[in-house]
Amino acid sequence: MSVELNEIEEAEVELEEWLVEQAENGIPETVLIGVLRDYADDIEQLGYVPRMWGESER
């Protein structure tokens, strides 16, 4: 499955907006970094993004 460049850019913008919103709501950047790293590790280990995150995947 190929992903077009504009889809990647759109996903990046949405993620950036979400991160800014979280930081503006008082979530420390170190917490956001930890969350991103945990999800990245899970995705790397599984080889895909689960469509539902549950306790069994974590």
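Structure: above.
Predicted, not measured: the structure shown is a model, and the values here were computed from it. (Residues numbered from 1 in each chain as written. Predicted model: local features only at pLDDT ≥ 70, side-chain atom pairs only at ≥ 80, totals over all residues. Heavy atoms only, no water.)

1. Some points on a nonpolar patch on the surface
Our working rule: Note that patches include only residues with greater than 30% relative accessible area and no salt bridge, and the join distances are 9 Å for like charges and 5 Å for nonpolar side chains (Val, Leu, Ile, Met, Phe, Trp, Tyr). All accessible-area figures derive from a Shrake-Rupley calculation using a 1.4 Å probe, and residue coverage is judged against the displayed protein chains alone. Salt bridge criterion: a side-chain nitrogen from Lys or Arg within 4 Å of a carboxyl oxygen from Asp or Glu. Working definition: helices are DSSP H or I runs of at least four residues, strands are E runs of at least two. Numbering for both runs from the N terminus. Accessibility here uses a 1.4 Å probe with only protein chains present; expressed as a share of the type maximum, an area under 20% marks a residue as buried, one over 50% as exposed, and anything in between as partly exposed.
Taken together, the side chains of Leu46, Tyr48, Val49 and Trp53 define a hydrophobic patch exposed on the protein surface, amounting to about 350 Å² of accessible area. By the element assignment, Val49 lies in the segment after helix 2 (29-46). Relative accessible area serves as the criterion here: at 39%, Val49 is assigned to the partly exposed category.

2. Focus: helix 1 (residues 5-24)
Selection criterion: What a helix should span is 1.5 Å times the count of its residues minus one.
Counted at 1.5 Å a residue, the expected span for helix 1 with its 20 residues is 28 Å, and the 29 Å between its end C-alpha atoms agrees. Positive phi shows up at Gly26, right after helix 1, with a value of about 95 degrees.

3. Some remarks on the packing of helix 1 against helix 2
Here is the rule we go by: Axes, fitted as lines to C-alpha atoms, cover a helix only where it is in contact. Angles between the N-to-C directions of the axes lie from 0 to 180 degrees. In these notes the angle categories are as follows: under 35 degrees is roughly parallel, over 145 is roughly antiparallel, 65 to 115 is roughly perpendicular, and the rest is oblique. Left-handed describes a crossing whose near helix is turned anticlockwise from the far helix by less than a right angle; the clockwise case is right-handed. Throughout, a residue-residue contact means that at least one pair of heavy atoms, one from each residue, lies within 4.5 Å. Residues were grouped as follows: Ala, Val, Leu, Ile, Met, Phe, Trp, Tyr, Cys and Pro as nonpolar; Asp, Glu, Lys and Arg as charged; and all remaining residues, including Gly, as polar.
Between helix 1 and helix 2, whose axes approach to 10 Å, the crossing angle comes to 140 degrees. Considered as vectors, helix 1 and helix 2 are oriented oblique to each other. As for the relative orientation of helix 1 and helix 2, their crossing is right-handed in sense. Packed against helix 1, whose contacting residues are Leu15, Trp18, Leu19, Gln22 and Ala23, the element helix 2 presents Glu29, Leu32 and Leu36 at the interface. Along the lines of polarity and charge, the residues of the contact of helix 1 with helix 2 split into six nonpolar, one polar and one charged.

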